[in-house]
Amino acid sequence: MASIESVQIEYQKDIKNNLEINEIEHKYLSRKGYIAELFKGVKDILPEAKAEYGQKVNELKQSIESYITEHNSAPKIESIDIHPVNITDIKSELGSISPISWLIFRIQDIFAEIGFSVATGPELETEKYNFDALNIPKSHPARDVWDTIWVQNPAGIKSLLRTHTSPVQVHYMESHKPPIRIIAPGKVYRYEATDATHETVFHQVEGLMIDTSTSIATFKAIIQYFFKELFQQEIKIRLRPSYFPFTEPSFEIDIWIEDHWLEIAGAGMVSRVVLKNGGITDPHIQGFAFGFGVERLAMILYGIDDIRLIHSADIRFASQLGKIQL
Ligand code: FA5
């Protein structure tokens, strides 16, 4: 049976040797530790010495406890500064839908009214769909118009990030028979320097309408309907003759804003070569296609004079525009 003195000596030794705090606690203060053993030993003490013995064990116990409290690195519960928090008061910034998504939903709604459904295609494309099937062969100078971000994949196949949404035209024709009325919104990528009206990653909405009686007149009527619905007022537009290998004839659509024309879309009657590549060979079937720049439309609608602001990741910008009901 340990004596008070021997426990005291042992304890001093342990302190000197920097014994871990939890080991000291276990060794001296646990249920089977030295202090408990000393308290049990009280029964063997003479009755007149019991009180003094008990007092000494208690003093030793207290000095061990205060040593432990002082050296324990864990925060003392009394010393933690507790501030009650009313969790109903915590305000977090609510995110909002991006202005571009808003606009795409709005465009989808406008076209849905006249029977156009929504199609999609991959952003990681092949040369075949982005160029070849659209009548832009390898050597064709028109390929330079679309500065391409090429992607080398492990199988050695050359892929690319689509430079426009026009590949969706061919994917859709391959899997659907005319009549066709679709729009295909999505991201496109171009390896080009940015400026106030050009981004590297932006959105287009492709449109494709094909059946037996679709003409340039149909195209003009639909485009006029679309702009009137979107802007809720008459908008001055002009069709400029242009060139795309996949349409014949081809146009560029410009919109008059304030004091200048802004190019908003490419369009035209779908070339026979493209129809054939999509599996349509009936000479009575024809149609038109167009490709809008969504950010360019957003610039006009929201009065933004620099396209780079739109994807600047500035939450104030996005939330402000996201609240505007189109
Ligand atoms: C095309 O991409 C054609 N695929 C459009 C088309 C579709 C023509 C179907 C005929 C038939 P273009 O490169 O012009 O064409 O781009 C179309 C629209 O995307 C432009 O009118 C413009 O609004 C927008 N756009 C083009 N480049 C950028 C850019 N770097 N940043 C933002 N918007 C752009």
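Residues numbered from 1 in each chain as written. Predicted model: local features only at pLDDT ≥ 70, side-chain atom pairs only at ≥ 80, totals over all residues. Heavy atoms only, no water.

(A) Here's a closer look at the overall build of the chain. Helix and strand content of the chain: 11 helices and 10 strands. Radius of gyration (C-alpha) of the chain: 39 Å, far over the 20 Å computed for a compact globule of 326 residues. For the chain, the spread of C-alpha atoms along the three principal axes comes to 120 × 50 × 35 Å. Buried positions account for 41% of the 326 residues belonging to the chain. Residue pairs at least 24 apart in sequence account for 63% of intrachain contacts in the chain once pairs closer than 6 positions are excluded. Distance from the positive charge centre (33 side chains) to the negative charge centre (44 side chains) of the chain: 4 Å. (Helix = DSSP H or I, 4+ residues; strand = E, 2+ residues; numbered from the N terminus. Rg over C-alpha atoms; globule rule 2.2 N^0.38 Å. Buried < 20%, exposed > 50% of the residue type's maximum accessible area, 1.4 Å probe, protein only. Contact = heavy atoms within 4.5 Å. Lys, Arg positive; Asp, Glu negative; His and termini not counted. Charge placed at Lys NZ, Arg CZ, Asp CG, Glu CD.)

(B) Main features of the packing of helix H5 (residues 99-112) against helix H8 (residues 216-231). In the contact formed by H5 and H8, the axes pass within 10 Å of each other and the chain directions differ by 130 degrees. With respect to their mutual orientation, H5 and H8 come out oblique. In this structure, H5 crosses over H8, and the sense of that crossing is right-handed. Note on element contacts: H8 touches H5 through Ile-222, Tyr-225, Phe-226, Glu-229 and Leu-230, opposite Leu-103, Arg-106, Ile-107, Ile-110 and Phe-111. The residue inventory of the contact of H5 with H8, partitioned by class, reads 8 nonpolar, no polar and 2 charged. (Axes fitted to C-alpha atoms, helices over the stretch in contact; angles between N-to-C directions. Parallel < 35°, antiparallel > 145°, perpendicular 65-115°, else oblique. Left-handed = near helix turned anticlockwise from the far one by under 90°. Nonpolar A, V, L, I, M, F, W, Y, C, P; charged D, E, K, R; others polar.)

(C) Just the layout of surface pockets, in detail. In this structure, the largest pocket spans a volume of roughly 610 Å³. Around the largest pocket sit 35 residues that line it, and Trp-146, Arg-190, Gln-204, Glu-252 and Glu-263 are the ones nearest its centre. Secondary structure elements with two or more residues in the lining of the largest pocket: strand S6 (201-211), strand S7 (237-244), strand S8 (247-257), strand S9 (260-270), strand S10 (286-293) and helix H10 (294-302). For the lining of the largest pocket, the leading source of residues is S9, giving 6 residues. Of the residues contributing to the lining of the largest pocket, the split by class is 15 nonpolar, 12 polar and 8 charged. (1 Å grid on protein atoms, 1.4 Å probe; cavity = no way out; pocket = protein on both sides within 12 Å on 5 of 7 lines; lining within 4 Å. Points joined across faces, edges and corners; volume = space filled by probe spheres on them.)

(D) A look at the pairing of S6. Extensive coverage of S6 is indicated by the burial of 10 of its 11 residues. Judged from the 8 bridges that link them, S6 and S10 form a sheet pairing that is antiparallel. Bridged to Met-209 within S10 is Phe-288. (Pairing = 2+ DSSP bridges.)

(E) View of the site of the ligand. In the vicinity of the ligand there are 27 residues, among which His-164, Ser-166, Arg-190, Glu-192 and Glu-263 approach most closely. One of the side-chain nitrogen or oxygen atoms of His-164 is found 2.9 Å away from a nitrogen atom of the ligand. With the chains in place, 97% of the 670 Å² that the ligand exposes on its own is no longer accessible. The cavity that encloses the ligand is the largest pocket. Mapped by element, the contributors of at least two residues to the shell around the ligand are S6, S8, S9 and S10. The greatest single-element share of the shell around the ligand, amounting to 5 residues, is contributed by S9. When its residues are assigned to classes, the shell around the ligand shows 10 nonpolar, 10 polar and 7 charged. (Near = heavy atom within 4 Å. Polar contact = N/O pair within 3.5 Å; in protein donor to acceptor, adjacent residues only side chain to side chain. Areas by Shrake-Rupley, 256 points an atom, 1.4 Å probe, with all protein chains shown as cover. Sits in = over half its atoms within 2 Å of the grid points.)

(F) Geometry of H5. Between its terminal C-alpha atoms H5 stretches 20 Å, which fits the 20 Å expected from 14 residues at 1.5 Å a residue. For H5, the full list of buried residues reads Pro-99, Ile-100, Leu-103, Ile-104, Arg-106, Ile-107, Ile-110 and Phe-111. One face of H5 carries all of its buried residues, which in axial projection span an arc of 160 degrees. (Expected span 1.5 Å × (residues − 1). Arc of directions from axis to C-beta.)

(G) Layout of the pairing of S9. With 8 of its 11 residues buried, S9 lies for the most part within the structure. Pairing of S8 with S9, which is carried by 9 bridges, proceeds in the antiparallel orientation. Pairing of Glu-252 across the sheet is with Gly-266, part of S9. Hairpin connection, S8 to S9: the antiparallel pair is bridged by 2 residues, and Glu-258 has positive phi, about 50 degrees.

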